[in-house]
Amino acid sequence: MSDPRPIGLFDSGVGGLTVLREVVRRLPDESTIYLGDNGRAPYGTRSDDEVRRFSTECLDELARRDVKAIVVACNTSTSVALPDLRRRYDVPILGVVRPGATAAALATRTRRVGVIATPATIRSHAYFQAIKDENPFVEVYEHATPELVPLVEAGKLRGQEVDDAVRRSLAPLMGSRAADGEWVFPLPSDARIDTLLLACTHYPLLSDAIVAAAGDGVAVIDSASATASVLAELLAVNELRAPVGGRPLHLQLTTGDVERFRSTAAILFGAEFASVEPVVVPAAA
Ligand code: DGL
């Protein structure tokens, strides 16, 4: 059996495109509809109630479009709203926290994982719990980095401003360079992480700066490819894969500025992929 209906993906903005990219790579026959709530991003500094309400309004839009599954490609929404979303819709919903947590627990050799995410994700401790569910022996250092999403939403992916913001954001986890060039660590040296989990789907768009700031000996990982693998497996097990050799369609919707969305999408996918349409949701208060 097969199912040609599209897969829906949702994020507060352009970050979930990093998950979409892996889904398209992994599942080239599948059609997709991506919805970015750029008009109301960032979510990560909002209240849990707002994150739940906005996520519901966006998923209502995807559910109306007859998708066969929805990937909540937003850690903030997954951390705060996933149980409510699953109760609301018949369509199967996959989040990004569990795949990311599994990847991190498998990647660490020293059993010390740093997690950077939005304030709302960190406040939920969803990653702490999920990594501990995988392996309770792993130490999890969670740290909110609210400076980063606004940069990505503004299309700033590299340059001095990005490097400075990334270095500042990571300093409490990674240490910082002293004037003599030596690294100074706020964490005791025997507590140094060997794995840094990018627990916000926007952050892989800054991966050049993050990898440079993290330095040698720290594996920088994210949940995008792990989520795509889990999705592929679930579609296969449930006999919901699209027929092989069809002509998959990819549509992207944004509640924000279409041109800005298109330019970030073009960086990830090339200009020909960027079929972007506006979509209207209630305004943020
Ligand atoms: N990309 C989202 C996440 O993974 C949300 C970022 C935001 O809107 O603050 O958490």
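Residues numbered from 1 in each chain as written. Predicted model: local features only at pLDDT ≥ 70, side-chain atom pairs only at ≥ 80, totals over all residues. Heavy atoms only, no water.

**Let's talk about the overall build of the protein chain**
At step 1: Secondary structure summary: the protein chain contains eleven helices and twelve strands in total.
At step 2: Taken against the 2.2 N^0.38 rule, which gives 19 Å for 285 residues, the C-alpha radius of gyration of the protein chain at 18 Å falls within 12% of a compact globule.
At step 3: Overall, the C-alpha framework of the protein chain stretches about 60 × 40 × 35 Å when taken along its three principal axes.
At step 4: The 285 residues of the protein chain split such that 55% are buried.
At step 5: On the protein chain, the mean spot of the 30 positive side-chain charges and the mean spot of the 37 negative ones are 1 Å from each other. (Helix = DSSP H or I, 4+ residues; strand = E, 2+ residues; numbered from the N terminus. Rg over C-alpha atoms; globule rule 2.2 N^0.38 Å. Buried < 20%, exposed > 50% of the residue type's maximum accessible area, 1.4 Å probe, protein only. Lys, Arg positive; Asp, Glu negative; His and termini not counted. Charge placed at Lys NZ, Arg CZ, Asp CG, Glu CD.)

**Brief notes about the pairing of strand E3 (residues 69–72)**
At step 1: Here E3 shows two buried faces, one formed by Ala69 and Val71 and the other by Ile70 and Val72.
At step 2: Pairing of strand E1 (residues 7–11) with E3 involves four bridges; the strand directions are parallel. When the bridges of E3 are listed, glycine 8 appears paired with isoleucine 70.
At step 3: As judged from the two bridges shared by E3 and strand E4 (residues 93–94), these two strands associate in the parallel manner. Paired with isoleucine 70 across the bridge in E4 is isoleucine 93.
At step 4: As for the winding sense of the linkage, the β-α-β connection from E3 through helix H3 (residues 75–88) to E4 is right-handed. (Pairing = 2+ DSSP bridges. Right-handed = clockwise from strand over helix to strand, strands pointing away.)

**Overview of the site of the ligand**
At step 1: The environment of the ligand is made up of 13 residues, and the closest members are Ser12, Tyr43, Asn75, Thr76 and His202.
At step 2: Within the backbone of glycine 44, a nitrogen or oxygen atom sits 2.8 Å from an oxygen atom of the ligand.
At step 3: Protein coverage of the free-state accessible area of the ligand, which is 300 Å², stands at 99%.
At step 4: Considering only residue class, the shell around the ligand consists of five nonpolar, seven polar and one charged. (Near = heavy atom within 4 Å. Polar contact = N/O pair within 3.5 Å; in protein donor to acceptor, adjacent residues only side chain to side chain. Areas by Shrake-Rupley, 256 points an atom, 1.4 Å probe, with all protein chains shown as cover. Nonpolar A, V, L, I, M, F, W, Y, C, P; charged D, E, K, R; others polar.)

**Concerning the packing of aromatic side chains**
At step 1: Evaluation of the coordinates by the stated rule reveals three aromatic pairs.
At step 2: Ring centres of phenylalanine 10 and tyrosine 43 lie 6.2 Å apart, and the angle between their planes is 50°; this geometry places the pair in the tilted category. With phenylalanine 10 in strand E1 and tyrosine 43 in the loop between strand E2 (32–36) and helix H2 (48–64), the pair connects residues that are 33 residues apart, well separated along the chain.
At step 3: Judged by relative accessible area, which is 0%, phenylalanine 10 ranks as buried.
At step 4: Since its relative accessible area comes to 1%, tyrosine 43 is described here as buried.
At step 5: Their ring planes at 50° and their centres at 5.9 Å tell us that tyrosine 34 and phenylalanine 261 sit as a pair that is tilted. Note that tyrosine 34 is positioned in strand E2 and phenylalanine 261 in helix H11 (residues 258–269), a separation of 227 residues in sequence.
At step 6: In textbook terms, an aromatic cluster arises when at least three aromatic residues are bridged by ring pairs, as seen for Phe10, Tyr43 and Phe54.
At step 7: Arginine 40 extends its terminal NZ or CZ atom over the ring of phenylalanine 54, reaching a point 4.0 Å from the ring centre. (Phe/Tyr/Trp six-rings, centres within 6.5 Å; stacked < 30°, edge-to-face > 60°. Lys NZ or Arg CZ within 6 Å of the ring centre and 35° of its normal.)

**Some thoughts on the packing of helix H1 (residues 17–26) against helix H10 (residues 224–237)**
At step 1: The N-to-C vectors of H1 and H10 enclose an angle of 45°; their axes lie 8 Å apart at closest approach. Between H1 and H10, the angle is such that the two are oblique. Remark: the crossing between H1 and H10 carries right-handed chirality. Two secondary-structure elements touch here, H1 through Thr18, Val19, Glu22, Val23 and Arg26 and H10 through Ala224, Ser225, Thr227, Ala228, Ser229, Leu231 and Ala232. (Axes fitted to C-alpha atoms, helices over the stretch in contact; angles between N-to-C directions. Parallel < 35°, antiparallel > 145°, perpendicular 65-115°, else oblique. Left-handed = near helix turned anticlockwise from the far one by under 90°. Contact = heavy atoms within 4.5 Å.)

**Quick notes on the pattern of salt bridges**
When the charged atoms of two side chains with opposite charge come close together, those side chains can pair.
At step 1: Under the defined criterion, the tally for this structure stands at 17 salt bridges.
At step 2: Put simply, glutamate 22 and arginine 25 hold a salt bridge, and the shortest N to O gap is 2.8 Å. One end of the pair, glutamate 22, and the other, arginine 25, are both in helix H1, three residues apart, so they sit about a helical turn from each other.
At step 3: What makes glutamate 22 buried here is its relative accessible area of 15%.
At step 4: Arginine 25 gets classed as exposed once you look at its relative accessible area, which sits at 57%.
At step 5: When the shortest N-O distance is used, the salt bridge between glutamate 147 and arginine 168 registers 2.7 Å. Taken together, the residues glutamate 147 in the loop between strand E6 (139–144) and helix H7 (148–153) and arginine 168 in helix H8 (residues 160–174) connect sequence positions 21 residues apart.
At step 6: Each of the salt bridges in this network shares a partner with another, and the network as a whole consists of Asp3, Arg5 and Asp66. (Salt bridge = Lys/Arg side-chain N within 4 Å of Asp/Glu carboxyl O.)

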